[in-house]
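# Reading the structure
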Amino acid sequence: GPEWQPSAPMNVAREYLASAVGADGRIYAMGGHDEDGTVFASAELFDPCGTKTWTPIPPMPRARTKFAAATGPDGRIYVIGGRDAVFGTPLASVEVYDPTAGSWSEAAPLALPRSELAATTGPDGRIYAIGGVNGGGVTGFVEAFNVTTGQWEMVAPLTWPRSNHGATTGTDGRIYVTGGLTPSGNGLPVVTMETYTAGAAGTPGTWQPSRPFPIQPSDLGLLTGPDGLIYAIGGLDPLSSRNTLRSVSAYDPLTATWTAFTEPMVDRRSQHAAVTARDGRIYAIGGTDDAHFSDNPVVTDFAVPLASTESALVGPNNCPALPPVADFNGDRSADIAVFRPANGVSFFRGQIPEAIAWGAEGDIPVPRDYNGDKQSDLGVFRPSDGVWYLRGQTPDAVGWGTEGDIPVPADYDGDHKTDVAVFRPSSGTWYIRQSATNTDVAFNYGASGDVPVPADYDGDRKADIAVFRPANGVWYLRGQSPDATVYGAQGDIPVPADYDGDGDGDIAVFRPSNGVLFLRNQVPDAIAYGAEGDIPVPADYDGDGIADLTVFRPSNGVWYLENGQAIAWGAAGDVPLSVPPAIRMAYFGA
């Protein structure tokens with residue numbers, strides 16, 4: 001089964017919260033209550049493709065707990081029903097968060113006020129509010145919200161009324177509901193899973209029984225993974241003194257079977273939220289690990305909530321990858337381009353214009369995406385004064401570095417913008433100006449003679465600090481396990497890139513003496529490509545997410561690509577813009 005790992009905790013410990021993933025790919029967690037029964041209006045977001053930390057956002061207009069949330073087809077987050085006090089009257093209120101505007105507004109209320117309900121966005125684009133508790137007890141009512149008309153409509157009710165259950169929309173277009181408690185109020189589970197198939201336009205949908213979940217907990221997390229499986233995560237086991245569970249099971253709609261995984265969550269968890277994020281991971285958020293639970297308003301010692309979150313990888317990482325180096329037109333593929341040091345002109349094959357003057361003799365080209373628009377910007381680093389000149393940026397001149405520093409631009413903070421950074425060989429220090437927070441950081445990592453080789457080695461969409469030591473062929477990767485890897489020999493050129501398309505930077509070296517590329521943990525692991533004197537320029541030139549074996553031959557200005565193409569673009573002395581500046585300076589002269 002999937003291996004669960006802790007993620008960054010929320011800023012606020014909360015149980016009976018609700019969560020949803022916005023169209024921006026970020027996870028939103030809202031509301032809930034604490035061990036004193038204080039109900040929260042606060043909300044926060046987690047960026048699984050960026051900072052991987054929780055950040056507060058504007059609070060909901062109304063505090064609520066025991067509610068549901070779903071993302072509409074309009075990209076907005078809908079929070080539905082619940083209670084504004086732990087034992088308060090169920091709410092009909094619906095509020096909407098617009099991630100683009102960063103603000104809340106009201107939407108049409110439910111026809112039937114409810115708490116302890118579930119919600120999901122159906123295949124028809126409507127948001128379904130399913131079951132729950134109203135003034136008359138547990139209900140099977142289901143309402144569907146049309147974001148175009150802004151109205152709720154009653155649809156076919158559940159066959160088995162339930163509260164404290166889970167709901168999710170499968171990749172087969174059906175809505176799955178499982179778990180929860182019966183209307184009797186005695187804590188007995190609902191033993192049947194049921195699925196909803198939306199009707200064609202103008203016809204009602206129908207609920208059908210499905211293979212029951214063997215445990216049938218209440219207060220579980222239910223979600224559809226990127227692998228198409230329906231995951232049931234944690235919850236309260238009503239048949240075992242309401243114990244809080246760590247267990248994780250998955251339902252396969254293709255085989256109609258449940259599988260109980262042997263790898264449980266890190267924490268016991270119920271009354272939590274669970275979502276699928278674009279990084280291929282499923283997340284369990286907040287809740288409580290306390291087996292104690294009370295529905296009795298006379299009892300005031302509530303369970304202690306969790307701030308912790310955890311996640312498990314169950315599918316491909318679909319976070320936006322770091323932009324290819326030298327992608328000047330934003331088509332997600334590297335462009336063939338050269339910089340002419342003699343006059344500071346860059347030449348772009350197939351671009352309009354194809355020649356742009358930016359820089360002067362002695363400047364080091366540092367093209368990267370500095371503003372987050374997903375295309376590379378022209379830039380040069382002037383070693384004589386340590387100034388970065390960035391075309392079209394504000395400001396377009398940034399003093400960062402001194403003579404002798406090596407420019408190492410990369411996205412170190414995960415905000416999808418390149419950070420201005422230098423490596424100082426004399427002290428082995430990295431100086432990074434983080435664009436996400438506009439703060440400056442420094443790290444000692446490396447020694448004189450090391451070659452800086454920043455890349456995203458762990459697939460978290462942030463560049464990692466790393467150096468290659470030519471004297472012994474050892475790669476040192478800060479914060480990685482292992483942090484030292486022997487791969488290469490004296491005279492080899494480090495060429496890290498994503499050679500297999502898995503989103504991670506792979507360790508590799510090019511041996512100039514025989515033109516062989518050695519790829520660690522790849523099959524094959526040695527490929528003859530190039531000749532003595534060639535400059536290795538691996539990059540994703542065809543937009544398939546995989547670095548292509550490519551060399552530039554300075555003697556004739558020809559690029560030799562993996563697909564067999566030979567493209568003449570450049571002249572003797574030109575610098576290919578897809579070669580990292582640190583590699584060029586270390587092996588091919590400043």
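Residues numbered from 1 in each chain as written. Predicted model: local features only at pLDDT ≥ 70, side-chain atom pairs only at ≥ 80, totals over all residues. Heavy atoms only, no water.

### Quick word on the overall build of the chain
Along its length, the chain carries 1 helix and 50 strands. With the principal axes as the frame, the chain shows a C-alpha extent of 85 × 50 × 45 Å. Within the chain, the fraction of its 590 residues that count as buried is 56%. Considering only contacts within the chain whose residues lie at least 6 apart along the sequence, 46% involve residues at least 24 apart. Accessible surface, the chain as shown: approximately 22,700 Å² in total, 51% of it carbon and sulfur. (Helix = DSSP H or I, 4+ residues; strand = E, 2+ residues; numbered from the N terminus. Buried < 20%, exposed > 50% of the residue type's maximum accessible area, 1.4 Å probe, protein only. Contact = heavy atoms within 4.5 Å. Areas by Shrake-Rupley, 256 points an atom, 1.4 Å probe, with all protein chains shown as cover.)

### So, the nonpolar core
Grouped together as the largest cluster of nonpolar side chains are 51 residues, with contacts concentrated most on Tyr499 and Trp559. Put simply, the parts of the chain that give this core at least two residues each are strand E27 (337-340), strand E28 (345-348), strand E39 (466-469), strand E40 (474-477), strand E43 (508-511), strand E44 (516-519), strand E47 (550-553) and strand E48 (558-561). For this core, the element with the highest residue contribution is E44, accounting for 4 residues. When residues no more than four places from it in sequence are discounted, the contact partners of Tyr499 are Asp506, Ala508, Leu517, Leu519, Gln522, Pro538, Ile546, Ala547 and Leu549. Grouped together as the second largest cluster of nonpolar side chains are 15 residues, Ala68, Ile80, Val94 and Leu110 included. (Core = buried A, V, L, I, M, F, W, Y, C linked by side-chain atoms within 4.5 Å.)

### Brief notes about the sheet that holds strand E15 (residues 175-178)
The strand order across the open sheet built from 4 strands is E14-E15-E16-E17, with neighbouring strands paired in antiparallel fashion. Only two strands of the sheet have a single partner each, and these edge strands are strand E14 (166-169) and strand E17 (206-210). Adjacent strand axes in the sheet meet at a mean angle of 25 degrees, parallel and antiparallel pairs treated alike. One ladder, built from 3 bridges, connects E15 with strand E16 (residues 193-197); its direction is antiparallel. Paired with Val177 across the bridge in E16 is Glu194. (Pairing = 2+ DSSP bridges. Axes fitted to C-alpha atoms, helices over the stretch in contact; angles between N-to-C directions.)

### Quick notes on the packing of aromatic side chains
Aromatic rings in a pair are described by how distant their centres are and how their planes are angled relative to each other. Counted according to the given criterion, the structure contains 19 aromatic pairs. Ring geometry for Tyr176 against Tyr251: centres 5.9 Å apart, planes inclined by 55 degrees, an arrangement best described as tilted. Of this pair, Tyr176 sits in strand E15 while Tyr251 sits in strand E22 (residues 248-252), and the two are 75 residues apart along the sequence. Neither Tyr176 nor Tyr251 differs from the other in exposure class; each is buried. Site record: aromatic cluster; members linked through ring pairs are Tyr176, Phe213, Tyr251 and Trp258. Lying over the aromatic face of Tyr16, Lys66 brings its terminal NZ or CZ to 5.2 Å of the ring centre. (Phe/Tyr/Trp six-rings, centres within 6.5 Å; stacked < 30°, edge-to-face > 60°. Lys NZ or Arg CZ within 6 Å of the ring centre and 35° of its normal.)

### Topic: the pairing of strand E19 (residues 230-233)
Of the two faces of E19, both are covered, the one formed by Ile230 and Ala232 as well as the one formed by Tyr231 and Ile233. Bridge analysis of strand E18 (residues 221-224) against E19 gives 4 bridges, and the strand direction is antiparallel. Paired with Thr224 across the two strands is Ile230, which belongs to E19. Between the antiparallel neighbours E18 and E19 lie 5 residues, among them Gly228 with a positive phi of about 85 degrees. Pairing between E19 and E22: 4 bridges, direction antiparallel. The residue of E22 that forms the bridge with Ile230 is Tyr251.

### Quick notes on the layout of surface pockets
To locate leftover empty space, one rolls a probe as large as a water molecule over the atoms. Taken as a whole, the second largest pocket spans an internal volume of roughly 1,000 Å³. In the lining of the second largest pocket, the residues fall into 22 nonpolar, 20 polar and 4 charged. (1 Å grid on protein atoms, 1.4 Å probe; cavity = no way out; pocket = protein on both sides within 12 Å on 5 of 7 lines; lining within 4 Å. Points joined across faces, edges and corners; volume = space filled by probe spheres on them. Nonpolar A, V, L, I, M, F, W, Y, C, P; charged D, E, K, R; others polar.)

### A short note on the pattern of salt bridges
When the charged atoms of two side chains lie near each other, side chains of opposite charge can form a pair. In this structure the tally under the stated criterion is 21 salt bridges. Note that Arg433 is salt-bridged to Asp440, the shortest N-O span being 3.0 Å. In this structure Arg433 comes out as partly exposed when scored by relative accessible area, which is 28%. Salt bridges linked by common partners bring Lys66, Arg83 and Glu116 together as one network. (Salt bridge = Lys/Arg side-chain N within 4 Å of Asp/Glu carboxyl O.)

### Digging into the sheet that holds strand E32 (residues 387-390)
Read from one edge of the open sheet, 4 strands run E30-E31-E32-E33, paired in antiparallel fashion. The open sheet has two edge strands with one neighbour each: strand E30 (364-365) and strand E33 (397-399). Of the strand pairs in this sheet, E30 and strand E31 (residues 379-382) are connected by 2 bridges, and their pairing is antiparallel. Paired with Ile364 across the bridge in E31 is Phe381.

### Focus: the confidence of the model for the chain
Regions with low pLDDT should not have their predicted coordinates read in detail. Here the chain averages 91 in pLDDT, while 95% of its residues score no lower than 70. Low confidence marks residues 291-301, where pLDDT is under 50. Its contacts with residues over four positions away, or in another chain, come to 19 contacts. (pLDDT = per-residue confidence, 0-100.)

### Here's the deal with the environment of Gly150
Its place among the elements puts Gly150 in the loop between strand E12 (137-146) and strand E13 (151-155). Remark: the alpha-carbon pair of Gly150 and Ala107, spanning 43 residues in sequence, is separated by 7.1 Å. Excluding residues within four positions of it along the chain, Gly150 makes contact with Ala108 and Phe145.

### Thoughts on the side chain of Thr224
Mapped onto the secondary structure, Thr224 falls in strand E18. Here Thr168 takes part through its side chain, which lies 2.8 Å from a polar atom of the side chain of Thr224. A polar contact is formed between the side chain of Thr224 and the backbone oxygen of Thr169, at a distance of 2.8 Å. Apart from the residues within four sequence positions on either side, Thr224 is in contact with Thr168, Thr169, Gly170, Thr171, Leu229, Ile230 and Thr276. (Polar contact = N/O pair within 3.5 Å; in protein donor to acceptor, adjacent residues only side chain to side chain.)

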